[in-house]
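For reference, the chains in residue letters:
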Amino acid sequence: MAAVLKKRALAEYNKSYQDGPSSKKLHLAKKPLIGSSAAAFVGLLEKCKSSDEALQLLLRISDCLQFQESDVEEAIKKLSEHFQSEEESAVRVKILWLFCDIGLECPGANLNHLVDETIHLIKNETSHKVIAQGLGTLLKLGCKLSDDKTLMQRLIAVAKENLKDTSHQVKCRCLQLISELYPISPEPDRTPDMITEANVIVKLLSDYSNAEDARVRSEAFQALLTLHGRGLTLSADIYEQVCPALSDDYEIVRDVALKLIWLLGNKYPENTVTLQDGETTMRLVDDAFIRICSAVNDLCMQVRALACTLLGTTRAVSDRFLLQTLDKQLMSNMKKKKTAHERGAELVRSGAWASGRRWADDAPGQLLEQSTVQLLPGGAAGAFVHGLEDEFMEVRTAAVEAVCELSMQNPIFATTSLDFLVDMFNDEIEDVRLRAIDSLNKISHHIVLREDQLETILSALEDYSMDVREGLHRMLGSCTVASKTCLEMCVDKILENLKRYPQDKRSTFRCVQKMGSNHATLVLPLTTRLLGVHPFFDMPEPDVEDPSYMCVLILVLNAAQHCTTMLPLFEEHTVKHYTYLRDTMPHLVPLLPIGENQFSRKQKSESEMDDSAVRRFFENVLQHIDNVTLSSNVRLKMLQSAEEQLNKLSEMEPLVTGAANFTAMFARCVLALHTALNNPAGPPAHALQNLSTDCLRLQHQFSGVTEQENACVWQLALRVSAARLIAAVESAAMTTGAGAGAVALSMAAALTHHAELLDRLLVSAGMEPDPFTIAVFQQLSCGEPKPGSLARALHPLLLAAPLPQIPTPNLKIRMCTATIIEPASDNDTVLRFCAGLITGVSFEAEVLRVREPGALRVRVAYPDRRVHALLPPRDHLRPLDHQNTNDDGTENVRLLTKVLISHGVWTEPCGVDISVCLAVEEGGGREAQLVELCRPVRVTVAPKPIKRGI
């Protein structure tokens, strides 16, 4: 502890002296155990009588790879000697493997010496496996020495020499070594000689793309991709060499060739290539796009999925080729169309004899090569149609995402592909349906939904999956419909579906809110029908609590914001209902100039509080609290008054709720701490527990807190920790037991840990500690005091310490809150289940401005005071659809899970409280504390005894 405290805490200290002769100092050196080091096993290699024994010994060395720095060179020498005398190739492979592990993990290993030794050992090696392992060792060691250009050139030369090997393993290792270790300079620093040498390397790798073994061909293409990823620009000349690999017999070659084709097409989009007829030219990116489209019909599923993915990331493709991917009609294989006169002129030039009755009646037909005849459509024809109809989910998902990516870049393609994306709503896999819904949501600004398309979309609203239904609500809210009939269909289907799935009420409200804002002119002719307005009769007033009627009101009121001509159509009860919804759901209902809001603009301008006015209010409330000349009683009364005023401010002004609650809670803690310390019977345990919880809330429930404000909170928490230590010591003195002493020890450890963290925080914030904090630092700097002596020293200091300073209000402070949606607070249903078994309660909550969603817990409190903290699975925490993140880096999440409840037999139904909490680590080895983010909801349960059969 003394090492981390500041010098200011050590300003006053006592020196102690000891008389008499000084004691003799002993230097204890721990002798290393022979069995703990791998060097002992290396020395036993000479005694091995067989290769199996040597291999088992090498495996033990690999498991306990622990060398002293002085033993590394000797171990490498012995391993090298055994390598040269060993006849079994597996043992030699393991030795080279150990060279790599020693170089990467053992401190003091000379990597250059290991590289030289490995090159020397594999120079005259005949085993392909040993050579391949040696090249792999050189590759890993070379990555650690990539700054040594001379060594890299040497390793490249070794790889070139071994490229002549007949083994595919050796060739693949060589190609991989060349691609990853070839030195590449920044483009401005490249000289003509460097460019020429790089072209030679690219030519060497390209030549091996024609190797006999498919694994070598695949590795050659992968090496070219690796070079490009490291910054070496590939030439467009290798495009013609890569194209034949798309028809390779092995999918590993076709897979890598597709990536290279895509890379060259995006790198050189405007280059031209000549087709097979020798006359027609085409842009390189268009030709690459067509070739990738052909791979959608590949036999291998992985290649088809990759082709669809690459199609979505191909840019600058001509519209006619993009649109052709959605049409299954046969193409002419991109041959140039010729007129009848041009075809006749060719026959005349051919000199073929004819009878004269018909033009070129016996002229020989055009000679066709076998490779040019295709029985199935090729090129871009219907590529996405095939991808969306594929039998594998991976291919269909990749095709949907590719269509979405291309549609976001091209409005014409978006309009054309709309029907195909809508058809994917009927896919058998839920993930594919969700991808199609999200894709349609992303391209919503490009499309207009027709009536026939809406029939398919709205039929998917009956899906059992809540994710699909909510995704459709988001999509319908962002899309545009073509006509009034379409909008009427949407509204009717949404209202019908709301009766079937009442739990979708919140997402339905957001859906109709966006639909009303986007279709104000279409809502106008439907207003009278939706609101039930009759031209002659007074219709009964609807129930404002009816979810269907609330949906209609939200739709109409949001449309009225952009189309004021429908305001006179509202009846008196509609205006009253608007006022009610405006007060209860202001985020869904806009401000309209009707009813009491006729002069809404003036009221709005007057209601918006300026930051300066709020700051002045805070200053007026807190201006005399820190006045030292006033007595403590007066300051305490002012603190109590300030707390009440700040609580009222947090209710009136939502924008400053976080700052007001933060300051009010700080003032409440100061008052509670003063009351607890001045209690004649000592600090009450429950009061100290509440104070600890409030301090944890100040530390973890608020975001946007500055370092200075956080330091003030931690200094207040230090006083609370000292008070808890004093209470624990007093309790231990009154009771005789080991438990009380253990509590006091834990409190002392928590105080020490808290002081360490506070010292670092004060240094980071640049603040001077208050007098009590300095006193605690001085007490802890004297060593490790016992809890009793530390408590006796801190008790008078804590009583005499002045009131903590209230931090200056910061209007950027925001508070983390939670709202429990399900189960409802007014639910009277009794859940009955067999005692000892488990029942699940559907739980839904929205948590706003949480810094760490993984710290959220569901707290379950039983009537017998048992409390369980349930950790929800990660996939049960979903981002809120209307706002996921905030400006201060916090997140808004939706917790949707099942709360499991179990208990023994009860005589009568009782309530179980469920709430959302934050699990906060206090440090010092203590268990995580729970900080409640909302008021608990009570669920009535009745565990009944199990009925015994006869």
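The coordinates are above.
If you're wondering where the values come from, they're calculated on a predicted model, not measured in any experiment. For every chain, the first residue of the written sequence is number 1, and numbering continues from 1 onward in sequence order. This being a predicted model, a pLDDT of at least 70 is required before a residue's local features are given, and a value of 80 or more before pairs of side-chain atoms are given or counted; all residues contribute to the totals for chains, interfaces and linings. Think of the side-chain values as coming from all heavy atoms in the structure, minus any hydrogens and water.

K.L.:
How do you make sense of the overall build of the protein when you look at a structure like this?
P.N.:
Under the DSSP-based scheme used, a helix requires at least four consecutive residues in state H or I and a strand at least two consecutive residues in state E, with every element numbered from the N terminus. Of regular secondary structure, the protein possesses 37 helices and 16 strands. Under the scheme applied here, a residue whose accessible area is under 20% of the maximum for its type counts as buried, over 50% as exposed, and between as partly exposed, the area being computed with a 1.4 Å probe on protein chains only. A total of 950 residues make up the protein; the buried ones form 47% of that total. Note on areas: Shrake-Rupley with a 1.4 Å probe; residue coverage comes only from the protein chains shown. Counting every atom, the protein has about 50600 Å² of accessible surface; 51% of that belongs to carbon and sulfur.

K.L.:
Quick question: what am I supposed to make of helix H9 (residues 192-207) here?
P.N.:
What sets the pattern is the α-helix's 3.6 residues per turn: residues three or four places apart point alike. Expected helix span is computed as 1.5 Å times (number of residues minus one). With 16 residues, H9 extends 23 Å between its outermost C-alpha atoms, agreeing within 8% with the 22 Å of an ideal straight helix rising 1.5 Å per residue. Any pair of residues with heavy atoms lying within 4.5 Å of one another is described as a contacting pair. In this structure, the buried residues of H9 make contact with helix H7 (149-162), helix H8 (168-181), helix H10 (214-229) and helix H11 (239-242).

K.L.:
Which parts of the structure should I look at to understand the nonpolar core?
P.N.:
Proteins that are soluble and globular tend to have nonpolar side chains buried together. Counting residues in each nonpolar core, the largest one holds 187 residues, and the members touching the most others are Leu440, Leu476 and Phe570. Element by element, the count of residues in this core is highest for helix H27 (residues 547-560), at 11 residues. Not counting chain neighbours up to four residues away, the residues in contact with leucine 476 comprise Leu454, Ile457, Leu458, Leu461, Cys490, Ile494, Cys511 and Met515. Met665, Ala711, Leu758 and Ala765 belong to the second-largest nonpolar core, a separate cluster that totals 66 residues. Throughout, nonpolar core names a set of buried Ala, Val, Leu, Ile, Met, Phe, Trp, Tyr and Cys residues whose side chains join them through atoms within 4.5 Å.

K.L.:
What should I look at first to understand the packing of aromatic side chains in this one?
P.N.:
By convention here, two paired aromatic rings are described through the distance between centres and the angle between planes. Side-chain rings of Phe, Tyr and Trp, where Trp is taken by its six-membered ring, are said to pair if the distance between their centres is within 6.5 Å; with planes under 30 degrees apart they count as stacked, over 60 as edge-to-face, and otherwise as tilted. Counted according to the given criterion, the structure contains 2 aromatic pairs. For the pair phenylalanine 662 and phenylalanine 702, a centre-to-centre distance of 5.3 Å together with 80° between the ring planes defines the contact as edge-to-face. Residue phenylalanine 662 is located in helix H32 (residues 657-677), and its partner phenylalanine 702 is located in strand E5 (residues 702-703); the two are separated by 40 residues in the primary sequence. An identical accessibility class is assigned to phenylalanine 662 and phenylalanine 702; each is buried.

K.L.:
Can you walk me through the environment of serine 825 in this structure?
P.N.:
Locating serine 825 in the fold gives a position in the loop between strand E7 (817-822) and strand E8 (830-834). Expressed as a C-alpha distance, the spacing of serine 825 and valine 939, which sit 114 residues apart in the sequence, is 8.2 Å.

K.L.:
I'm lost on the packing of helix H33 (residues 685-700) against helix H34 (residues 707-734) in this one. Help?
P.N.:
Working note: a packed helix pair is described by the angle between its axes plus the distance between those axes. Following both chains from N to C, one finds H33 and H34 inclined at 155°, their axes separated by 10 Å at the closest point. The orientation of H33 with respect to H34, classified from their angle, is roughly antiparallel. Once H33 is placed against H34, the crossing between them reads as left-handed. Where H33 approaches H34, its residues Leu688, Gln689, Leu691, Ser692, Cys695, Leu698 and Gln699 are matched on the opposing element by Val713, Trp714, Leu716, Ala717, Val720, Ala723, Arg724 and Ala727. Ten residue types, Ala, Val, Leu, Ile, Met, Phe, Trp, Tyr, Cys and Pro, are classed as nonpolar, four, Asp, Glu, Lys and Arg, as charged, and the remainder, Gly among them, as polar. A per-class count over the contact of H33 with H34 returns 11 nonpolar, 3 polar and 1 charged. Where helices are involved, their axes are fitted lines through C-alpha atoms of the stretch in contact, as for all axes, and angles between N-to-C directions lie from 0 to 180°. To sort the angles, those under 35 degrees are grouped as roughly parallel, those over 145 as roughly antiparallel, those from 65 to 115 as roughly perpendicular, and the leftovers as oblique. Here is the rule for handedness: rotate from the far helix to the near one, and if that takes an anticlockwise turn smaller than a right angle the crossing is left-handed, while a clockwise turn gives right-handed.

K.L.:
In this structure, what is going on with a nonpolar patch on the surface? I would like to understand it.
P.N.:
A cluster of nonpolar residues, Phe536, Phe537 and Met539, forms a patch on the protein surface that exposes about 380 Å² of accessible area. Residue placement: phenylalanine 537 occurs in the loop between helix H26 (527-531) and H27. Note on patches: the residues involved have over 30% relative accessible area and no salt bridge, like charges join within 9 Å, and the nonpolar side chains Val, Leu, Ile, Met, Phe, Trp and Tyr join within 5 Å. Salt bridge, as used here: a side-chain nitrogen of Lys or Arg that lies within 4 Å of a carboxyl oxygen of Asp or Glu.

K.L.:
I tried to follow unusual backbone geometry on my own but got confused; where do I start?
P.N.:
Excluding glycine, residues mostly have negative phi values, and the peptide bonds linking residues are mostly trans. A cis amide bond links glutamate 822 with the next residue in sequence, proline 823, at an omega value of 5°. For proline 823, the location among the structural elements is in the loop between E7 and E8. For alanine 316, which is not glycine, the phi dihedral falls at a positive 65°. As for its position among the elements, alanine 316 is in the loop between helix H14 (301-312) and helix H15 (319-324). Phi angles above zero are rare outside glycine, and arginine 865 is one such case at about 70°. Counting through the fold element by element, arginine 865 comes out in the loop between strand E10 (856-861) and strand E11 (867-870).

K.L.:
What is the right way to read a negative patch on the surface from this model?
P.N.:
Among the surface-exposed residues, Glu541, Asp543, Glu545 and Asp546 lie close enough to one another that they form a single negatively charged patch. Among the structural elements, glutamate 541 can be located in the loop between H26 and H27. Charged residues are defined here as Lys and Arg on the positive side and Asp and Glu on the negative side; His and the ends of the chain fall outside this count. Note on charges: their place is set at NZ of Lys, CZ of Arg, CG of Asp or CD of Glu.

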